[in-house]
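Structural overview
Take a look at the letters that make up each chain.
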Amino acid sequence: MSEAVQAYTVRLELVDEPGELLRALEPISENGGNLLSVLHERGNLTPRGRIPIEVDLEATPERFDAIVESLRDAGVNVVQAGAERYSEELVVILSGHLVETDLSETLTHIQGSGEVSVTDVSLSAPGGTGDVSSARLRLATESGGIDGVLDAIDDLAEEKGLRVITPLTEGEA
Amino acid sequence: MKLAVMGAGAVGASVLDLAAEYGHEVVAIADSSSAAVDSHGLNPEAVTDRKAETGTVGDHDPADALAADYDVLVEATPTTLGDAEPGYSHVVEAFERDCHVVLANKGPVAERYADVRAAEEASDGDLLFEATVAGAIPALSTVADLGPTHVTAVRGVLNGTANFVLSRMAAEGLDYEHVLAEAQDLGVAEADPSFDVEGTDAALKCVILANVLYDREYTLADASVEGIANLSGSVLELAAEDGRTVRLIGEVQDGEIRVGPRLVPENGTLAVTGTRNIVQLDTAFAGRLNISGRGAGGPETASAVLADVGRLAKR
Ligand SMILES: NC(=O)c1ccc[n+]([C@@H]2O[C@H](COP(=O)([O-])OP(=O)(O)OC[C@H]3O[C@@H](n4cnc5c(N)ncnc54)[C@H](OP(=O)(O)O)[C@@H]3O)[C@@H](O)[C@H]2O)c1
């Protein structure tokens, strides 16, 4: 039942610290990926002061998913995984009975709503997880994908009785 | 100009008080049960004292104020939804008498814009309503100067009560209930704050802007509205950790009206604090304009009313 090996590009953002690159590459070989090339753009920082790295690798789709997951588990910021380039980032806050309404299912649903990746989640539950809590999600989408993602989040929030606070993009200047 | 003022609350009383300052005179004023009428001009102090002592402004019937001899009717009765009464009938009656109308009351232009414009059309009188959007801020006259078709979007903080609550919650880490109670003690929020915290008031202002910007009638039913009632303090906390804050933002763009709590940069232009309002206009040829200031209050709103009266006097 082995699936065909495919080529993938993974775009990572690393903090500028010794050993970071090695730490980021380990999960690839550990999960059976075959490293093809690493493009280390030193001196070229992301807006958040990170170093962008582009990694080309080969793996089966199944293994590739495991690689991305373990990269994220290892705290590596995966900006783009696979063929799609996530070029827009946005932050939304969800608030309500997040735990009761299954936060991980909510996140999975958002990830499944299009070319979007949840790159960071911060939870605040001052009254405990049984009470109203809030989560700040950092999302990366492909260029022009923000509106579609926001619509999907709005629908999901309505369905689950959650409140969504979206960024006012036009007004930021 | 000779003014008749319908409504003797915070706004009506301030119009009465400040009219002379602007070179106009109030010849009639009405509250819900009485009216004072004097064709030589009312004495503001006498009327205000009587209102404070007896609850009435004079010995006349409210209808006598409408029937008095005036150039401009100032409508400052409570904003109501749906039929926009009693304001709407006052407007129609003034237009039937070929008088001008200046509104502080949002109802007629938010809920019955087409009807009001039709009544104006059939009259020699003109309609202005600067005070209905963001109190002292000259939002509508700026739109008129730019030309409505040159304004591509309007957004802003249009409700001081909601903004006070959000900015206090963020600054002090206090929860919604606590800050709302404090706002009520300070007189910033009304005993029933629902119009403000549910986003209705901000939405009415956006509807009025949309009516001015676009060539069709909008009402509250055309707006997508979410308020800030019971917003969890954890939302503001998470926003602050990321250099952002939450504001109740009204937006009019591409024919759509939307009001809701939104993330904005913590030190950004739209993150005004306290009861301050801000109106941001995107224009076709003049870039972006930001006008901020006091969005409510008796004298503030009366100054917008009297600015409209001044514009009518020049026509
Ligand atoms: N306050 C602000 O900062 C502000 C800003 C912008 C726009 N506005 C709008 O301006 C209007 C007035 O606001 P406000 O704060 O002055 O309200 P308010 O203090 O509640 O005063 C309303 C006044 O209208 C009178 N009234 C009610 N029904 C009437 C009727 N059928 N005929 C004549 N008078 C009647 C009331 O009479 P009684 O005294 O007998 O009750 C009261 O004097 C509202 O539509 C409001 O939305 C207010």
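Refer to the structure printed above.
All values derive from a computational prediction rather than experimental measurement.

Thoughts on the site of the ligand
All names here are of chain B. The environment of the ligand is made up of 22 residues, and the closest members are Ser 32, Lys 51, Thr 77, Thr 79 and Gly 297. Separating an oxygen atom of the ligand from a backbone N or O atom of Ala 10 is a distance of 3.0 Å. Out of a free accessible area of 900 Å², the ligand has 73% covered by protein chains. Per-class residue counts for the shell around the ligand are 10 nonpolar, nine polar and three charged.

Details of the layout of surface pockets
Residue and element names in this part refer to chain B. Volume-wise, the largest pocket comes out at about 1000 Å³. Along its surface, the largest pocket is lined by 39 residues, and Val 11, Lys 106, Glu 190, Ala 296 and Gly 297 are the ones closest to its centre. Looking at the lining of the largest pocket, the elements with two or more residues in it are α1 (10–18), α8 (160–172), α10 (194–197), α11 (200–213), β11 (276–283) and α13 (298–314). Residue classes in the lining of the largest pocket are distributed as 13 nonpolar, 17 polar and nine charged.

Observations regarding the interface of chain A and chain B
Contact with chain A, which involves 24 residues of that partner, is made by 30 residues of chain B. In total, about 2000 Å² of surface goes out of reach between chain A and chain B, with carbon and sulfur atoms giving 51% of it. When residues of chain A are sorted by the area they lose upon contact with chain B, Arg 163, Ile 165 and Leu 168 of chain A head the list and together hold 31% of the total. Across the chain A-chain B interface, the total number found is two salt bridges. As a salt-bridge pair, Glu 241 of chain B and Arg 136 of chain A come within 3.3 Å of each other at their nearest N and O atoms. Split into classes, the residues belonging to the side of chain A that touches chain B amount to 12 nonpolar, seven polar and five charged. With two bridges joining them, strand β8 (residues 163–167) of chain A and strand β10 (residues 256–265) of chain B adopt parallel strand pairing. For Pro 167 of chain A, the partnering residue across the bridge sits in β10 of chain B and is Leu 263 of chain B.

Cut-offs and rules
- Residue positions are counted from 1 within each chain, in the order its sequence is given.
- To label them, take the chains in the order written and letter them from A, then take the ligands in the order written and number them from 1.
- Per-residue local features are limited, in this predicted model, to residues with pLDDT of at least 70; the limit for side-chain atom pairs, both in listing and counting, is 80 or more; totals at the level of whole chains, interfaces and linings are taken over all residues.
- Computation of side-chain values: all heavy atoms of the structure, hydrogens and water removed.
- Being near a molecule or strand, for a residue, comes down to having at least one heavy atom within 4 Å of it.
- Polar contacts here mean pairs of N or O atoms no more than 3.5 Å apart (in protein, one a potential hydrogen donor and the other a potential acceptor; neighbouring residues in sequence count only if both atoms are side-chain atoms).
- Accessible surface area values rest on a Shrake-Rupley calculation with a 1.4 Å probe, where residue burial reflects the displayed protein chains alone.
- Put simply, Ala, Val, Leu, Ile, Met, Phe, Trp, Tyr, Cys and Pro go in the nonpolar bin, Asp, Glu, Lys and Arg in the charged bin, and everything else, Gly too, in the polar bin.
- Site definitions follow a grid-based scheme: protein atoms alone, a 1 Å grid, a 1.4 Å probe that fits but cannot get out for cavities, and for pockets an open set with protein on both sides within 12 Å along at least five of seven lines, plus lining residues having an atom within 4 Å of a point.
- Grid points are joined across faces, edges and corners, and a volume is the space filled by probe spheres set on the points.
- Per the convention used, a helix needs a DSSP run of H or I reaching at least four residues, while a strand needs a run of E reaching at least two, with both numbered from the N terminus.
- We call two residues in contact whenever any of their non-hydrogen atoms come within 4.5 Å of each other.
- Throughout, the accessible surface (probe 1.4 Å) given up by two parts as they are put together, summed over both, is called the buried area.
- Whenever Lys or Arg places a side-chain nitrogen within 4 Å of a carboxyl oxygen from Asp or Glu, that contact is recorded as a salt bridge.
- For two strands to be treated as a pair, DSSP must find at least two bridges joining them.

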